[in-house]
Amino acid sequence: MPEAPKNTLKPTADYNLELKNKKTLQFIEDVTSNADEVQKKVLEEILSRNAHVEYLQTRGLNGHTDRETFKKTMPVITYEDIQPHIDRIANGDTSPILSSNPISEFLTSSGTSGGERKLMPTIEEELGRRSLLYSLLMPVMSQFVPGLDKGKGMYFLFIKSEAKTPGGLVARPVLTSYYKSIHFKDRPYDPYTNYTSPNETILCPDSYQSMYSQMLCGLWQHKEVLRVGAVFASGFIRAIKFLEKHWRLLCNDIRTGTIDSQITDQSVREAVMKILKPDPKLADFIEAECSKDSWQGIITRLWPNTKYVDVIVTGTMSQYIPTLDYYSNGLPLVCTMYASSECYFGVNLNPLCKPSEVSYTLVPTMAYFEFLPVQRNNGVTSSISVPKTLNEKEQQELVDLVDVKLGQEYELVVTTYSGLYRYRVGDVLRVAGFKNNAPQFNFICRKNVVLCIDSDKTDEVELQNAVKNAVNHLLPFGATLAEYTSYADTTTIPGHYVLYWELSLNGNTPIPPSVFEDCCLTIEESLNSVYRQGRVCDKSIGPLEIKVVEPGTFDKLMDYAISLGASINQYKTPRCVKFAPIVELLNSRAVSSYFSPKCPKWFPGHKQWSNNN
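Here goes a summary of the coordinates provided. (Residues numbered from 1 in each chain as written. Predicted model: local features only at pLDDT ≥ 70, side-chain atom pairs only at ≥ 80, totals over all residues. Heavy atoms only, no water.)

**Thoughts on the nonpolar core**
- Ranked by internal contacts, the top residues of the largest apolar core, which has 150 residues, are Phe236, Phe369, Phe371, Leu412, Leu474, Trp501 and Ile523.
- Of the residues forming this core, the biggest block, 11 residues, is contributed by helix 11 (residues 233–256).
- Shared between two domains, this core takes at least three residues from each, and those domains are domain 1 (17–348) and domain 2 (450–609).
- Once you skip the residues sitting within four places of it in the chain, Phe236 turns out to touch Phe156, Val228, Gly229, Ala230, Ile299, Val309, Val311 and Leu324.
- One finds Leu17, Met141, Phe184 and Val334 within the second-largest nonpolar core, a separate group that totals 18 residues. (Core = buried A, V, L, I, M, F, W, Y, C linked by side-chain atoms within 4.5 Å. Buried < 20%, exposed > 50% of the residue type's maximum accessible area, 1.4 Å probe, protein only. Helix = DSSP H or I, 4+ residues; strand = E, 2+ residues; numbered from the N terminus. Domains from an automatic or database assignment. Contact = heavy atoms within 4.5 Å.)

Have a look at this one:
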């Protein structure tokens, strides 16, 4: 199969960026033109190297590497199906259970299982595959925006906490794994990976010190910045809000060439001091801009050479587009790649398209891809129907990469080099077009997710159980919950969950505000560890809010849905609302509002592990 172009280790006299970009773009041409052949070889390679692993042997694959036998023999699975095998590895079993290569660490998925992060097995060589995908992004971008090698990128990148499994393997988010690897820390010379943030500021475990030092370096180098970004849109907006709160301290540091005493990490201080020099003129400029009444266009005002904002704004992140447009004066919002803890998938070959038109071309060398057709239910909630379990016929009828149909929606299924076989990722994609023989997909949604602010994903069952736990606080007052729905409110920074409750009051005792606050906290305590980490550690999610609405509100909601064409026979209250007129209706009938009084409990790792950080 085609080889990805290799990076040059250091800038030599014969370093030729144009030639390097040309080779990268030719690689994309080759793998997309021969997508089916590449996919066939990927599957053969995965199955042949793992022929003797326990998981494949016990299912009777017997060393076969062809597609037909693979599809007939291997079941399509969810996380719960392989969780016993993953638990064995986490507890120290080093036999070849899922992969012939040793499992080097676990990547913690933001999707959850039983309220805990999923553990995705990975092997050392996957870091190379992730680096490969990263190496494709800027040669593609350079076709649309020339000269990006002449300046720097200001990216707000962070590591998150990690834990050790009982068997001693590290468990951490995929980006933390990548930033801590030599592939990132000791990355070869590449003008496109020239960032304003020194590695030490990115790798600082204290989120405040990391954000402060990255912002300080970004401001000091403001004229060199050609592109700005973060992983998620929510993260970049948090950085702007951080600047709004702390610009006076940052200006003082730039004016005096010193670092605020709250930055105590010595490696961070040393790295920043290599960049920072006193610049009173720059401090005056930043102070003048930040003092203005309006922060509209603050990005282009402070970083005047910025050409685009590089953040994920697809799926649930699309809710942040108006805010980004406000701060950036309408700069292009660019989504460059599509990836998850399970696998890195593909790239956006038309990066300057509108956010609503973003499509990703899956790179056929990354994994073996299959697609499960899904149907969309008609109705006001536009829900997507994905079968939880598949019968034998459905398992064999999954579609290969080159056989998907334009306009059809599918759930993505992957077989990876790290030991996942026909694994349902949970992402729903729609075929938007083709690059040669490789399909391009719009990301539609995560299956079953109803609420999301940052990297959290709360599904309907989890929300229902959390609410069920909370309403116990109402029983002593003769009150019950008649109906409820929820909303991810991103008008606040950080965003927060809002629950609308309609109560049936059977008693005369008034319910004190503290009881509703207890309800808020109980819901938060009942939600998954990713949500709780966002509240406690990352501060990326604000306190949960309960709004009590007038009696009859949910009847009004039903009437409104029916007026839009929903069937009165099939209507059921949506457990999450996004449509602005519905949110306005609910807010107009709110009679009281309560917030969680404190953060829920959270610690790194799974509940059953001791905290071995």
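**A short note on helix 15 (residues 321–328)**
- Considered for burial, the residues of helix 15 that qualify are Ile321, Leu324, Tyr327 and Ser328. Projection of helix 15 onto a plane perpendicular to its axis shows the buried side chains occupying an angular sector of 130°, all on one side.
- The inward-facing, buried residues of helix 15 abut helix 11, helix 14 (298–302), strand 7 (308–312) and strand 8 (333–334).
- The first or second residue beyond helix 15 is Asn329, which carries a positive phi of 60°. (Arc of directions from axis to C-beta.)

**Overview of the packing of helix 11 against helix 13 (residues 280–291)**
- Packing of helix 11 against helix 13 leaves a shortest axis separation of 8 Å and a crossing angle of 165°. One way to sum up the angle between helix 11 and helix 13 is to call them roughly antiparallel. Judged by the twist between their axes, the crossing of helix 11 over helix 13 is left-handed. Taken together, the residues of helix 13 that come into contact with helix 11 (itself represented by Trp247, Cys251, Ile254 and Arg255) are Pro280, Leu282, Ala283, Asp284, Ile286, Glu287, Cys290 and Ser291.
- Taken together, the residues of the contact of helix 11 with helix 13 break down into 8 nonpolar, 1 polar and 3 charged. (Axes fitted to C-alpha atoms, helices over the stretch in contact; angles between N-to-C directions. Parallel < 35°, antiparallel > 145°, perpendicular 65-115°, else oblique. Left-handed = near helix turned anticlockwise from the far one by under 90°. Nonpolar A, V, L, I, M, F, W, Y, C, P; charged D, E, K, R; others polar.)

**A short note on the sheet that holds strand 8**
- Ordered in space as 3-6-7-8, the 4 strands form an open sheet in which the pairing is parallel. Either end of the sheet is taken by a strand with one partner, and the two such strands are strand 3 (152–156) and strand 8.
- Bridge analysis of strand 7 against strand 8 gives 2 bridges, and the strand direction is parallel. The residue of strand 8 that forms the bridge with Val309 is Leu333. (Pairing = 2+ DSSP bridges.)

**Quick look at the packing of aromatic side chains**
- Tallied over the entire structure, the rule returns 22 aromatic pairs.
- For the ring pair Tyr55 and Tyr421, a centre distance of 5.6 Å and an interplane angle of 15° mean the geometry is stacked. Of this pair, Tyr55 sits in helix 3 (residues 54–58) while Tyr421 sits in the loop between strand 16 (409–415) and strand 17 (423–435), placing them 366 residues apart in sequence.
- A cation sits over an aromatic face here: Arg129 above Tyr417, 3.7 Å from the ring centre.
- In this structure, Arg130 packs its charged tip against the face of Tyr344, placed 5.9 Å from the ring centre. (Phe/Tyr/Trp six-rings, centres within 6.5 Å; stacked < 30°, edge-to-face > 60°. Lys NZ or Arg CZ within 6 Å of the ring centre and 35° of its normal.)

**Observations concerning the side chain of His85**
- Looking at the element boundaries, His85 is found in helix 5 (residues 79–90).
- Discounting chain neighbours no more than four positions away, the residues touching His85 are Glu54, Tyr55, Arg59, Ile97 and Leu98.

**What about unusual backbone geometry?**
- A cis geometry characterises the amide bond from Ile493 onward to Pro494, with omega recorded as 0°.
- With respect to the helices, strands and loops of the structure, Pro494 is situated in the loop between strand 21 (479–489) and strand 22 (496–505).
- With a phi angle near 55°, Asn62 is a residue other than glycine that sits in the positive phi range.
- Within the secondary structure, Asn62 sits in the loop between helix 3 and helix 4 (67–73).
- Taking relative accessible area as the criterion, Asn62 reaches 65% and is therefore assigned exposed.
- Phi angles above zero are rare outside glycine, and Asn436 is one such case at about 55°.
- Checked against the element boundaries, Asn436 lands in the loop between strand 17 and strand 18 (438–446).
- Classification of Asn436 as partly exposed rests on a relative accessible area of 37%.

All quantities given are derived from atomic positions and should not be read as evidence of function.
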